[in-house]
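# Results of the structural survey
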Amino acid sequence: MSARDPIGELVLLARGAAEAGEDWGLRLRREWLPRTIAATPRPALAAALAGWSGEPPEEAADLGSLIERAVVEAMAEQGYD
């Protein structure tokens, strides 16, 4: 069984919302990101960030901000601004 990728899941949600004409950035910040952070252990979030950025976040890092930035960057790479 493969490890869950919470950042990839957020990107998929954001892409679906963007394609439906919704404000994916607002939904990310208000709905999906808080829910993901609440439901996912910090070590799993840190591992996901390390997978996306190539390096682990610092121990005291604000994972919510880092995850939001990763999703926004992934969406920009796919042409969703």
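Overview of the structure. Please read all numbers here as calculations on a predicted model, not as lab measurements. (Residues numbered from 1 in each chain as written. Predicted model: local features only at pLDDT ≥ 70, side-chain atom pairs only at ≥ 80, totals over all residues. Heavy atoms only, no water.)

Before going further, it helps to examine the nonpolar core. Note that soluble globular proteins tend to have their nonpolar side chains buried in a common cluster. If you look at the biggest cluster of nonpolar residues, it comprises 20 residues, and the most contacted ones within it are Ile7, Leu10, Trp24, Leu28, Ile67, Val71 and Met75. The set of elements that each furnish at least two residues to this core consists of helix 1 (6-19), helix 2 (24-39), helix 3 (42-53) and helix 4 (63-77). Contacts of isoleucine 7, omitting those with residues within four sequence positions, involve Ala48, Leu49, Trp52, Ile67, Ala70 and Val71. (Core = buried A, V, L, I, M, F, W, Y, C linked by side-chain atoms within 4.5 Å. Buried < 20%, exposed > 50% of the residue type's maximum accessible area, 1.4 Å probe, protein only. Helix = DSSP H or I, 4+ residues; strand = E, 2+ residues; numbered from the N terminus. Contact = heavy atoms within 4.5 Å.)

We now examine the pattern of salt bridges. Summed over all chains, the structure comprises four salt bridges. Residue arginine 4 is joined to glutamate 9 by a salt bridge in which the shortest nitrogen-to-oxygen separation is 3.1 Å. Relative accessible area serves as the criterion here: at 44%, arginine 4 is assigned to the partly exposed category. Measuring nitrogen to oxygen at the nearest pair gives 3.0 Å for the salt bridge that ties arginine 27 to glutamate 31. (Salt bridge = Lys/Arg side-chain N within 4 Å of Asp/Glu carboxyl O.)

The sharpest bend along helix 2 comes to roughly 40 degrees, located at tryptophan 32, with the proline proline 34 sitting one to four residues further on. Buried residues of helix 2: Trp24, Gly25, Leu28, Trp32, Leu33 and Thr36, and no others. The secondary structure elements touched by the buried residues of helix 2 are helix 1, helix 3 and helix 4. (Bend = angle between axes of the 7 residues up to and from the residue.)

Looking at where threonine 40 falls in the secondary structure, it is placed in the loop between helix 2 and helix 3. With a relative accessible area of 7%, threonine 40 lands in the buried category. There is a polar contact of 2.9 Å between the side chain of threonine 40 and the side chain of arginine 4. Polar contacts involving the side chain of threonine 40 include one to the main-chain carbonyl oxygen of threonine 36, which spans 2.8 Å. Setting aside chain neighbours within four positions, we find threonine 40 in contact with Arg4, Pro6 and Leu45. (Polar contact = N/O pair within 3.5 Å; in protein donor to acceptor, adjacent residues only side chain to side chain.)

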